[in-house]
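# Structural features, examined
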Amino acid sequence: MTKDTNKAVNFWLMSSKDNFITADAMLKSGRYNFAMFMCQQTVEAILKAVFIIQKNERPEYIHKLPKLVELTGVEIPKTIDKKILKIDAHYIKARYKEDRFNTKIYNKRNATALLKDTEMVIKWFTKKMKLEE
């Protein structure tokens, strides 16, 4: 990897960690829709780091997690794929749809579960790609 490529990978990895810390803070403050949105941002950032590692180029300006996974070319197990699909659902819905105020969706139980799923996805990619933890 070039110096610029390494810098870009580090940026996305730091962003992923920072986003996860934010997701946890939003969970603790009761801002469940934003906690779940930040889970999506956490995974998006690590996928962009993985994309750069795999392709040695900057990723497209996209936010759909399944598409990013596809573009990386990394084979992922079904269990991780299912978690990514669950996490992806909160990119738009948690911010722009009336659902963002739906306490049947955005509650402590669901947000806690999504943070756990996010942590599992991050750990899987960290191990698979031999990223620093």
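The notes below deal with the structure included here. Here the residue index of a chain counts from 1 through its sequence in written order. Per-residue local features are limited, in this predicted model, to residues with pLDDT of at least 70; the limit for side-chain atom pairs, both in listing and counting, is 80 or more; totals at the level of whole chains, interfaces and linings are taken over all residues. With hydrogens and water stripped out, all remaining heavy atoms of the structure feed into the side-chain values.

### Quick word on the environment of Asn 10
Locating Asn 10 in the fold gives a position in helix α1 (residues 3-28). Exposure classes here rest on a 1.4 Å probe applied to the protein chains alone. A residue is buried below 20% of its type maximum, exposed above 50%, and partly exposed in between. Judged by relative accessible area, Asn 10 falls into the partly exposed class, the value being 38%. In this structure the C-alpha to C-alpha distance between Asn 10 and Lys 55, which are 45 residues apart in sequence, comes to 15 Å. Only runs of H or I of at least four residues qualify as helices and only runs of E of at least two qualify as strands under DSSP, and these elements are numbered from the N terminus.

### Examining the packing of aromatic side chains
For this analysis, a ring pair means two rings from Phe, Tyr or Trp (six-membered ring only for Trp) whose centres lie within 6.5 Å, classed as stacked if their planes differ by under 30 degrees, edge-to-face if by over 60, and tilted for the remaining angles. Inspection of every chain in the model, using the stated rule, returns 3 aromatic pairs. Between Phe 11 and Trp 12, the ring centres sit 5.0 Å apart and the planes meet at 75°, which makes this aromatic pair edge-to-face.

### A closer look at the nonpolar core
Side chains that are nonpolar tend, in soluble globular proteins, to be buried together. We call a set of buried Ala, Val, Leu, Ile, Met, Phe, Trp, Tyr and Cys residues a nonpolar core when their side-chain atoms join them within 4.5 Å. By size, the foremost hydrophobic cluster in this structure holds 39 residues, and its most contacted members are Ile 84 and Phe 125. Looking at this core, the elements with two or more residues in it are α1, α2 (32-55), α3 (65-72), α4 (78-88) and α6 (108-128). With 13 residues, the single largest contributor to this core is α2. The residues touching Ile 84, leaving out its near neighbours within four places in the chain, are Leu 65, Pro 66, Val 69, Ile 76, Val 121 and Phe 125. Contacts: residue pairs with any heavy atoms within 4.5 Å of one another.

### Considering the side chain of Lys 48
Relative to the elements of secondary structure, Lys 48 occurs in helix α2. Judged by relative accessible area, Lys 48 falls into the buried class, the value being 4%. Those residues in contact with Lys 48 that lie beyond four places of it in its chain are Trp 12, Pro 59, Glu 60, Ile 62, His 63 and Leu 68.

### Details of unusual backbone geometry
If you check the backbone angles, Asn 56 has positive phi at about 55° while not being a glycine. In this structure, Asn 56 sits in the loop between α2 and α3. With a relative accessible area of 46%, Asn 56 lands in the partly exposed category. A positive phi angle, close to 55°, is found at Lys 130, a residue other than glycine. Position of Lys 130 among the secondary structure elements: in the segment after α6.

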